[in-house]
Amino acid sequence: TTWHMLSHTENGTGPFWSPDGRSIGFFAEDKLKVLRLAEGSVRVVCDAPPGSGTFVSSSVVLVAPGRSGGVTEVNVETGAFRDVTWPGRETGNVTHGQPTSLSDGRHFTYVAKRAGTSVAMLASLDGTVSVPLGPVESQVQPTDSGRVLFVRDGALLAQQLEVTAG
């Protein structure tokens, strides 16, 4: 394997792939940036502190922590954003992080942290109430089989995750 530096990504953190594999999102210089691999060009999307992100589609990214300490949806083309989770609204959480989009393009998971406890949550882009999936020690990683993987009590676990349409 040969490694090479990706141009214009200096001091980048938290990289994440677009669903089509054509772009990489990352954080640098307190900005959310997107590297389009074919052109080798980097585009500043918006101001964003270093954190974690996930593409929902080629034009929509979820970042955390967002403006409110929750998960924020960002349009990659326009930089427009809106909060989709709000820490403390339902459960007194301090921060929301590590969003991971699910294959339906409407739902995602994130990790809610409060006083040394981390709980995986299932949410939707429409901002309805988040559903707790249970305590975790890692981010939640979806699989093609409809399961999610996570670490709890030092063990790797798989849980079937079914989201409803609508």
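As the structure is a prediction and not an experimental result, all values here were calculated from the model.

## Points about the environment of Lys-33
Positionally, Lys-33 belongs in strand β3 (residues 31-36). Each C-alpha atom of the pair Lys-33 and Val-61 lies 11 Å from the other, and the pair is 28 residues apart in sequence. Setting aside anything within four residues of it in sequence, one finds Lys-33 in contact with Ile-24, Gly-25, Phe-26, Ala-28, Val-42, Arg-43, Val-44 and Val-45. Here Glu-29 takes part through its side chain, which lies 2.8 Å from a polar atom of the side chain of Lys-33.

## Re the nonpolar core
Ranked by internal contacts, the top residues of the largest apolar core, which has 13 residues, are Leu-62, Val-71, Phe-108 and Tyr-110. When residues of this core are traced back to their parent elements, those giving at least two are β6 (60-64), β10 (107-114) and β11 (117-124). If sequence neighbours within four positions are ignored, Val-71 has contacts with Leu-62, Val-63, Ala-64, Asp-83, Val-84, Thr-85, His-96, Pro-99, Phe-108 and Tyr-110. Residues Val-45, Cys-46, Phe-55 and Val-74 belong to the second largest nonpolar core, which totals 12 residues.

## Re unusual backbone geometry
With an omega dihedral of -5 degrees, the bond running from Ala-64 to Pro-65 counts as a cis peptide bond. Among the secondary structure elements, Pro-65 is positioned in the loop between β6 and β7 (72-75). At His-8, a residue that is not glycine, the phi angle is positive and equals roughly 65 degrees. Among the secondary structure elements, His-8 is positioned in the segment before β1 (13-17). At Asn-11, a residue that is not glycine, the phi angle is positive and equals roughly 60 degrees. Among the secondary structure elements, Asn-11 is positioned in the segment before β1. On the accessibility criterion, Asn-11 (69% relative accessible area) is exposed.

## Brief notes about the sheet that holds strand β5 (residues 52-57)
Spatially, the four strands line up as an open sheet ordered β5-β6-β7-β8, and their pairing is antiparallel. Looking at strand neighbours, the two that pair on one side only are β5 and β8 (81-83), the edges of this open sheet. Strand after strand, the sheet turns through a mean of 25 degrees between neighbouring axes, direction not considered. With five bridges connecting them, β5 and β6 associate as antiparallel partners. Its bridge partner being in β6, Thr-54 is matched across the sheet by Leu-62.

## Focus: the pattern of salt bridges
Taken as a whole, this structure holds four salt bridges when the rule is applied. In this structure, Lys-33 and Glu-29 form a salt bridge, with 2.8 Å as the shortest nitrogen-oxygen distance. On the basis of relative accessibility, which here comes to 9%, the residue Lys-33 falls in the buried class. Across the pair Arg-82 and Glu-73 runs a salt bridge whose closest N-O atoms are separated by 2.8 Å. Residue class for Arg-82 comes out partly exposed when judged on its relative accessible area of 35%.

## Observations regarding the side chain of Asp-83
Within the secondary structure layout, Asp-83 lies in strand β8. Note on Asp-83: relative accessible area 14%, which makes it buried. A polar side-chain atom of Asp-83 sits 2.8 Å from a polar atom in the side chain of Thr-72.

Basis of the calculations
Residues numbered from 1 in each chain as written. Predicted model: local features only at pLDDT ≥ 70, side-chain atom pairs only at ≥ 80, totals over all residues. Heavy atoms only, no water. Helix = DSSP H or I, 4+ residues; strand = E, 2+ residues; numbered from the N terminus. Contact = heavy atoms within 4.5 Å. Polar contact = N/O pair within 3.5 Å; in protein donor to acceptor, adjacent residues only side chain to side chain. Core = buried A, V, L, I, M, F, W, Y, C linked by side-chain atoms within 4.5 Å. Buried < 20%, exposed > 50% of the residue type's maximum accessible area, 1.4 Å probe, protein only. Pairing = 2+ DSSP bridges. Axes fitted to C-alpha atoms, helices over the stretch in contact; angles between N-to-C directions. Salt bridge = Lys/Arg side-chain N within 4 Å of Asp/Glu carboxyl O.

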